[in-house]
Amino acid sequence: MSSIRRLSALGPILLTCLLSAGGRTVYDIPSLSADLGFTPPRTTEFDLTVKVISPCTATDMRFYVTDGTNLLQLVDKAHWPRVTFAANDIIRAKGRIRPKGNPDCLQIDVLGKGSPEPIADATISDINLGKFYRRLVRVRGKIRAIFRDEIDPEWASITLCDDAGTLQLEFMPSEDEFRRLQGLVDAEVRVLGIPYESHFTDRGNRRFLPATLSVRSLDSIKILRPAPQDPFSVPEIDAAEFARAGFMVNQRRSAVGYVLAAYGGNRLIVRTKRGDIMNVELAENAMPDFGARIRTVGYPATDFYRINLTDAIWREEKGEPMPDETVKVVSLSELLTNGQGLPMIKPSYHGHAIRISGTVRALPGPGNAEKRLTVESESSNIAVDISGCPQLLGRIEPGCEVEVSGICVMPTSNWHPKASLPRIGEVFIALRTAADLRILRQPPWWTPARLFTLIAALIAGLATIAVWNRLLKR
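All values derive from a computational prediction rather than experimental measurement.

Novice: How should the overall build of the chain be read in this particular structure?
Specialist: Summing up its helical and strand segments, the chain has seven helices and 25 strands in all. Rg of the C-alpha trace for the chain: 31 Å, well past the compact-globule value of 23 Å for 474 residues, more than 25% over. With respect to the principal axes defined by its C-alpha atoms, the chain has extents near 90 × 80 × 45 Å. In the chain, buried positions account for 40% of the 474 residues. Pairs at least 24 residues apart make up 59% of the contacts formed inside the chain by residues separated by at least 6 positions. Here the chain has roughly 26,100 Å² of accessible surface; of this, 55% comes from carbon and sulfur atoms. Positive and negative side-chain charges in the chain, numbering 59 and 53 respectively, have mean positions lying 5 Å apart.

What follows is the structure in structure tokens.
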């Protein structure tokens, strides 16, 4: 009984301790940082006196503060976008950790002015090695690519590179700022920002990002050498130069050729004016038509079969129309196996026109962006990309016997020095025009689906008659 009394007396004390641990108030950055990132988030309140390193922007309510040793990102939940503080202001910030795990400021009072924050000069390698995290740094490099984040379109991702590596920059620009950013591709710049590392939490989509530099505004990007006024004026790709550089040329190069296939939203296969097959990965999703003569500009890369261009742009070029190519009739066994019947992909077919015959077994589902049919031939299946001529879907149904002509596509990832050999990911046929698919025979009208429908209708009819007879007897 005495034990029970002691436990009863301790109950309120334990409850008070648990509540204070879950909803405590902290007064310094290390304590607040320790409570961030938990799942579910803690209900910690904070009361900090700190110096502002970089204030909020017109598009971003986050801002960075420091206590002289530690750096932290806060969110101005109460005043943004009518921000009342500036860089180097000493402020008292009160708030709490909200359900999404962000430290929201509910009250901000400006107490005075502090000295400017020191800026460290860093290289891309320094930041990738984990140096200078959560410090204000300047880093120099060339802007290689700029694009809207596909999982969060308010953000833009910028790739900064030098001869030693690449660094990702994050920035929340306005529409006007984003258009101005796009004009900086290939410019040499010096960027002011704050590097941070991934926290490997269960929240968020990209949990294992490499080093990232948080950039606050366009004013943080100083142009040292502007991008070429005409981005299409760069030299054409030279295979010998590419090989001498160890397959890693960090300068834009161009190529002129004809579009053989366009697929995947931003992928092209181009036959250059020299007759080489080249894969092109576009920076944007605007696609040229089949047969168009284009000049494309991008960064050289290789999959060890050919020289390709990545982060590319294009424009149409005047010239002779694309010459016809002889279409080779092949079987799937010839395309995908060796003489002994073992699986073996023949990369020499990539980018060339082939023709197969078979039976349509599956159509793309509603809303399927890739628009691919599945065609069975010789007891094997191959995908047929009809995204260039989606009007064919109204004419085709499963069971059609068809003859398919098109460009054989074998997508292969580009190589980089720390990776193993690139591998061919798949094999499919990309139609060039609607004339590339010829229906040899429509499926028989009497199909299993229609038979089941008829049986169901007969059963329903018999059930209706039986019910009606029963009602008449009553």
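Novice: Sorry if this is basic, but what is going on with the sheet that holds strand β16 (residues 277–282) here?
Specialist: The strands that make up a sheet are held in pairs by hydrogen bonds between backbone atoms, and each pair lies either parallel or antiparallel. The five strands lie next to each other as β14-β15-β16-β18-β17, forming a closed barrel whose pairing is mixed. Taking each pair of neighbouring strands and ignoring which way they run, the sheet shows an average axis angle of 55 degrees. With eight bridges connecting them, strand β17 (residues 293–302) and strand β18 (residues 307–316) associate as antiparallel partners. Bridged to Ile294 within β18 is Glu316.

Novice: Even after reading the chapter, I still don't get a nonpolar patch on the surface, so can you show me in this structure?
Specialist: A contiguous nonpolar patch, built from Leu451, Phe452, Ile455 and Ile459 and spanning about 390 Å² of accessible area, is present on the exposed surface. Among the secondary structure elements, Leu451 is positioned in helix α7 (residues 448–473).

Novice: Explain helix α4 (residues 175–182) here, please?
Specialist: Three or four residues apart is the spacing at which side chains of an α-helix point the same way, because the helix has 3.6 residues per turn. Those residues of α4 not exposed but buried are Glu177, Phe178 and Leu181. Within α4, the buried residues cover an arc of 100 degrees as seen down the axis, which keeps them to one side. Elements in contact with the buried residues of α4: β8 (137–148), β9 (156–162), β10 (165–171) and β13 (221–225).

Novice: What is the right way to look at the state of the cysteines in this model?
Specialist: What we call a disulfide is simply a covalent bond connecting the sulfur atoms of a pair of cysteines. Scanning the entire structure with this criterion turns up zero disulfides. Counting only cysteine sulfurs, Cys400 is the nearest neighbor of Cys389, a cysteine outside any disulfide, at a range of 15 Å. With a relative accessible area of 1%, Cys389 lands in the buried category. The structure places no disulfide on Cys408, whose sulfur is separated from the nearest cysteine sulfur, that of Cys389, by 17 Å.

Novice: Any chance you could explain the side chain of Asp186 here in plain terms?
Specialist: Mapped onto the secondary structure, Asp186 falls in the loop between α4 and β11 (188–196). Judged by relative accessible area, which is 6%, Asp186 ranks as buried. Beyond its immediate stretch of four places on either side in the chain, Asp186 contacts Lys142, Ile143, Arg225, Ala227, Pro228, Arg252 and Tyr299.

Novice: Where do I start with the nonpolar core in this structure?
Specialist: Grouped burial of nonpolar side chains is what soluble globular proteins tend to show. One finds Val191 and Leu213 to be the most contacted residues of the largest nonpolar core, which totals 27 residues. Those elements giving two or more residues to this core turn out to be β7 (120–122), α3 (124–128), β8, β9, β10, α4 and β11. Excluding its chain neighbours within four sequence positions, the residues that come into contact with Leu213 are Ile127, Val137, Val139, Leu167, Gln168, Leu169, Glu170, Val191, Gly193, Ile194 and Pro195.

Novice: Got a minute to help me understand the pattern of salt bridges in this structure?
Specialist: Side-chain pairs of opposite charge can arise whenever the charged atoms involved come near each other. Under the criterion given, the structure shown has 33 salt bridges. Of the charged contacts, one joins Asp89 and Lys113 as a salt bridge, the two residues approaching to 2.9 Å between their closest N and O atoms. Of the two residues, Asp89 is situated in strand β5 (residues 89–97) and Lys113 in strand β6 (residues 103–113); the sequence distance between them amounts to 24 residues. Residue classification places Asp89 among the buried positions, given a relative accessible area of 8%. Taking the relative accessible area as the measure of exposure, Lys113 reaches 58% and is therefore exposed. Of the charged contacts, one joins Asp121 and Arg138 as a salt bridge, the two residues approaching to 2.9 Å between their closest N and O atoms. Separated by 17 residues along the polypeptide, Asp121 in strand β7 and Arg138 in strand β8 bring together distant segments of the chain.

Here is what the cut-offs are and how they apply
Residues numbered from 1 in each chain as written. Predicted model: local features only at pLDDT ≥ 70, side-chain atom pairs only at ≥ 80, totals over all residues. Heavy atoms only, no water. Helix = DSSP H or I, 4+ residues; strand = E, 2+ residues; numbered from the N terminus. Rg over C-alpha atoms; globule rule 2.2 N^0.38 Å. Buried < 20%, exposed > 50% of the residue type's maximum accessible area, 1.4 Å probe, protein only. Contact = heavy atoms within 4.5 Å. Areas by Shrake-Rupley, 256 points an atom, 1.4 Å probe, with all protein chains shown as cover. Lys, Arg positive; Asp, Glu negative; His and termini not counted. Charge placed at Lys NZ, Arg CZ, Asp CG, Glu CD. Pairing = 2+ DSSP bridges. Axes fitted to C-alpha atoms, helices over the stretch in contact; angles between N-to-C directions. Patch = residues over 30% accessible without salt bridge, like charges linked within 9 Å, V, L, I, M, F, W, Y side chains within 5 Å. Salt bridge = Lys/Arg side-chain N within 4 Å of Asp/Glu carboxyl O. Arc of directions from axis to C-beta. Disulfide = S-S within 2.5 Å. Core = buried A, V, L, I, M, F, W, Y, C linked by side-chain atoms within 4.5 Å.

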